Amino acid sequence: MPKVNLKRYTLYLVRWQLSTPILAGVLFVLSSMDKITATVIANLIGGLIFFWVDIFIFTSKKLDVEWEIQEDIICVDCGKISRGYRIVKADNYDKSSDIKPQFRCEACSIRKTEQLRKRGISV
Ligand SMILES: [Zn+2]
């Protein structure tokens, strides 16, 4: 079995749930048509919408970003003791083998994430 990205998988399952009310709504509006034609039109509308949603789900590099969160860390930037965040892995960024992982408080983590974005890393 291939390794599954849980964020992508969860989004994909949510997307399937969203398609149900949209298609049901279209079928309700087209209820005066014959069922086959109404279903073809409903699926066409669903395809027009969910093609773009699926492209995002399956190609977004932001969904590849792997975070680690720990309680009661000392922020490497400001020294505050709080819940700590760090990016372990992203496209062109790999801190998975760091011996001393660096955690940051939420505010410093947001700042660090912006710095990484400015360096061209998709986070
Ligand atoms: Zn901090």
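Scoring rules and cut-offs
- Within each chain, residues carry numbers counting from 1 in the order of the written sequence.
- Under the rules for a predicted model, residues below a pLDDT of 70 receive no local features and side-chain atom pairs below 80 are neither given nor counted, while totals for whole chains, interfaces and linings still include all residues.
- Where each domain begins and ends is defined by an automated method or by a domain database.
- Helix and strand labels come from DSSP, where a helix needs a run of H or I of at least four residues and a strand needs a run of E of at least two; each type is numbered from the N terminus.
- Exposed residues have 12 or fewer other C-beta atoms within 10 Å of their own C-beta, buried residues have 20 or more, and residues in between are partly exposed; the C-beta atoms are placed from the backbone.
- Contact criterion: two residues are in contact if their C-beta atoms, reconstructed from the backbone, are within 7 Å.

## Here's the deal with the domain arrangement of the chain
Phase 1: Here the chain is partitioned into domain 1 (6–59) and domain 2 (65–118).
Phase 2: Summarising the inter-unit geometry, the C-alpha centres of domain 1 and domain 2 are found 38 Å apart.

## Let's talk about unusual backbone geometry
Phase 1: For D72, which is not a glycine, the phi torsion comes out positive at approximately 50 degrees.
Phase 2: Here D72 is to be found in strand β1 (residues 66–74).
Phase 3: Judged by C-beta crowding, with 9 C-beta atoms within 10 Å, D72 ranks as exposed.

## Let's talk about the environment of Y93
Phase 1: Within the secondary structure, Y93 is located in strand β3 (residues 93–94).
Phase 2: Beyond its immediate chain neighbours, meaning those up to four positions away, Y93 contacts I87, L116 and I121.

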